[in-house]
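Examining the three-dimensional arrangement
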Amino acid sequence: MDILKTAELIEKGDLRHSARVMRSLDDGDPEALEVLKVLYPNTGRAWVLGITGSPGVGKSTLTDVLVTRFREQGKTVGVVAVDPTSPFTGGAILGDRIRMQRHATDDGVFIRSLATRGHFGGLTASTRGVVTVMDAMGKDVILVETVGVGQDEVDVAKMADTTLIVTVPGMGDDIQAIKAGILEVGDIFVVNKMDRPGGEATLSQLENMLMMEREGTRCPGWNPPVVPVSAANNQGLDDLLEAIKGHYDLLHENKAQLMNQRRRERAKMELMDLIQTRAKQVILKRLEAGHRLEDLALSIAKGEKDPYSVCQEVIEAAFSD
């Protein structure tokens with residue numbers, strides 16, 4: 001792979017080379033990381049919108065209609081759809097050819113599916129890299145739709161400028177939200193499928209909970225709104241887009257001070273995640289050499305050693321070089 005040439009073509013919006021690098025990122029190809037190093041200085045222009053919530057709340061439908069609305073505004077859009085991993089193939093169960101098919105022929109939309117690969121938070125290690133590539137391509141808005149699997153789903157807030165938490169009536173997601181600590185990371189809350197029974201009650205409960213959590217929100221001066229929609233019926237989307245724009249405008253006020261602060265936090269988390277991932281790779285590679293990992297595991301299983309002491313020994317050995 002010609003690193004500089006590939007990066008140049010991606011910045012020109014070349015779909016084939018962009019898709020190739022994204023696939024390489026998902027496969028853990030080191031050359032793809034070299035491309036990211038070249039692309040990174042030319043990123044930071046895209047608006048990253050995270051969309052998360054429990055399975056069955058209609059995130060894909062909402063993403064689909066948001067793509068349509070952003071395209072109507074003349075914005076180019078990237079979509080990162082993080083799907084459950086197939087236990088048999090290791091690939092995404094839901095693919096980009098299945099969902100949002102009507103956007104497939106639109107040159108202004110680029111959709112990429114990623115498998116979770118067992119990551120409980122629903123975000124793969126390559127998700128940030130794919131977002132970087134789409135940003136470098138010149139996409140105005142990047143939607144990151146996550147699988148929604150539990151408490152670690154708040155990971156999406158670490159990489160998004162604006163985070164949408166989606167719920168529906170009748171699923172008890174208000175209780176789940178408290179358990180997951182998700183009230184603190186959501187910028188906008190969406191009650192989808194409002195045509196279902198109990199819609200108004202869910203709306204009221206969520207608003208009341210947010211009123212009690214105002215001081216815990218992560219954006220000073222912003223009270224997260226609760227927006228009722230029915231994405232399948234294209235209802236409430238104008239109000240949702242207005243809320244998204246309102247959050248965007250707030251972050252960009254006063255010389256984008258809040259925006260810069262949020263992106264510093266995002267950069268910090270990204271760096272920490274990369275260090276953690278790289279350190280794990282290095283240590284495991286050393287342990288796997290000469291089957292040392294198996295030997296240590298056997299010693300622990302026999303009760304000859306405890307895992308805590310072994311862990312300390314391994315880390316001290318790795319960083320003493």
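Residues numbered from 1 in each chain as written. Predicted model: local features only at pLDDT ≥ 70, side-chain atom pairs only at ≥ 80, totals over all residues. Heavy atoms only, no water.

The protein has the name GTPase in an unreviewed UniProt entry, where Dethiosulfatarculus sandiegensis is given as its organism.

Counting its regular elements, the protein contains 11 helices and seven strands. The 321 residues of the protein split such that 47% are buried. Looking at the protein alone, contacts between residues at least 24 apart form 75% of all its contacts between residues at least 6 apart. If you sum the accessible surface of the protein, you get close to 16700 Å²; carbon and sulfur atoms cover 53% of it. (Helix = DSSP H or I, 4+ residues; strand = E, 2+ residues; numbered from the N terminus. Buried < 20%, exposed > 50% of the residue type's maximum accessible area, 1.4 Å probe, protein only. Contact = heavy atoms within 4.5 Å. Areas by Shrake-Rupley, 256 points an atom, 1.4 Å probe, with all protein chains shown as cover.)

Before going further, it helps to spend a moment on the packing of aromatic side chains. Tallying each qualifying case throughout the model produces one aromatic pair. Between Trp-47 and Tyr-248, the aromatic rings sit 4.5 Å apart at their centres with planes inclined by 70°, giving edge-to-face as the arrangement. Here Trp-47 is found in strand β1 (residues 47-53), whereas its partner Tyr-248 is found in helix α8 (residues 237-251), with 201 residues between them in sequence. For Trp-47, a relative accessible area of 6% corresponds to the buried category. Of the residues examined, Tyr-248 reaches a relative accessible area of 34% and is grouped as partly exposed. (Phe/Tyr/Trp six-rings, centres within 6.5 Å; stacked < 30°, edge-to-face > 60°.)

Taken N-terminus to C-terminus, the directions of helix α9 (residues 253-288) and helix α11 (residues 307-318) make an angle of 105°; their axes are 11 Å apart at the nearest point. Of the possible angle classes, the one that applies to α9 and α11 is roughly perpendicular. Residues Ile-283, Arg-286 and Leu-287 of α9 pack against Val-314, Ala-317 and Ala-318 of α11. Tallied by class, the residues present in the contact of α9 with α11 amount to five nonpolar, no polar and one charged. (Axes fitted to C-alpha atoms, helices over the stretch in contact; angles between N-to-C directions. Parallel < 35°, antiparallel > 145°, perpendicular 65-115°, else oblique. Nonpolar A, V, L, I, M, F, W, Y, C, P; charged D, E, K, R; others polar.)

Now for the environment of Glu-184. Mapped onto the secondary structure, Glu-184 falls in the loop between α6 (173-180) and β6 (188-191). Looking at Glu-184, the relative accessible area reads 28%, which means it is partly exposed.

The contact between helix α1 (residues 3-11) and helix α3 (residues 30-39) brings their axes to 9 Å, and the two run at 60°. Accordingly, the angle class assigned to the pair α1 and α3 is oblique. Relative to α3, the crossing made by α1 is right-handed. On the side of α1, the interface is formed by Ile-3, Leu-4, Thr-6, Ala-7, Ile-10 and Glu-11, while α3 contributes Glu-31, Glu-34, Val-35, Val-38 and Leu-39. Looking at the contact of α1 with α3 residue by residue, the classes come out as seven nonpolar, one polar and three charged. (Left-handed = near helix turned anticlockwise from the far one by under 90°.)

The next thing to look at is the layout of surface pockets. Put simply, the second largest pocket is a space of about 330 Å³. Looking at the second largest pocket, it is lined by 18 residues, and the ones nearest its centre are Trp-47, Phe-70, Lys-75, Val-141 and Tyr-248. Secondary structure elements with two or more residues in the lining of the second largest pocket: α8 and α9. Per element, the largest residue contribution to the lining of the second largest pocket is six residues, and it comes from α8. In terms of residue class, the lining of the second largest pocket is made up of eight nonpolar, three polar and seven charged. (1 Å grid on protein atoms, 1.4 Å probe; cavity = no way out; pocket = protein on both sides within 12 Å on 5 of 7 lines; lining within 4 Å. Points joined across faces, edges and corners; volume = space filled by probe spheres on them.)

Enumeration over the complete set of coordinates arrives at nine salt bridges. Across the pair Glu-8 and Lys-12 runs a salt bridge, and its minimum N-O distance is 3.3 Å. Overall, Glu-8 belongs to the partly exposed group, its relative accessible area being 35%. A salt bridge links Lys-37 to Glu-34; its shortest N-O distance comes to 3.0 Å. With Lys-37 and Glu-34 both in helix α3 and three residues apart, the pair spans about one turn of that helix. Linked through salt bridges whose partners overlap, the residues forming this network are Asp-161, Arg-263 and Arg-266. (Salt bridge = Lys/Arg side-chain N within 4 Å of Asp/Glu carboxyl O.)

Turning our attention to the nonpolar core. In this structure, Leu-62, Leu-66, Leu-143, Leu-164, Ile-188 and Leu-240 are the most contacted members of the largest nonpolar core, which totals 35 residues. Counting residues per element, this core draws most heavily on α8, which supplies seven residues. Those residues in contact with Leu-143 that sit more than four places away from it in its chain are Leu-49, Thr-63, Leu-66, Val-67, Phe-70, Val-77, Gly-78, Val-79 and Val-80. Counting 26 residues, the second largest nonpolar core, distinct from the first, contains Met-22, Ala-32, Leu-39 and Ala-160. (Core = buried A, V, L, I, M, F, W, Y, C linked by side-chain atoms within 4.5 Å.)

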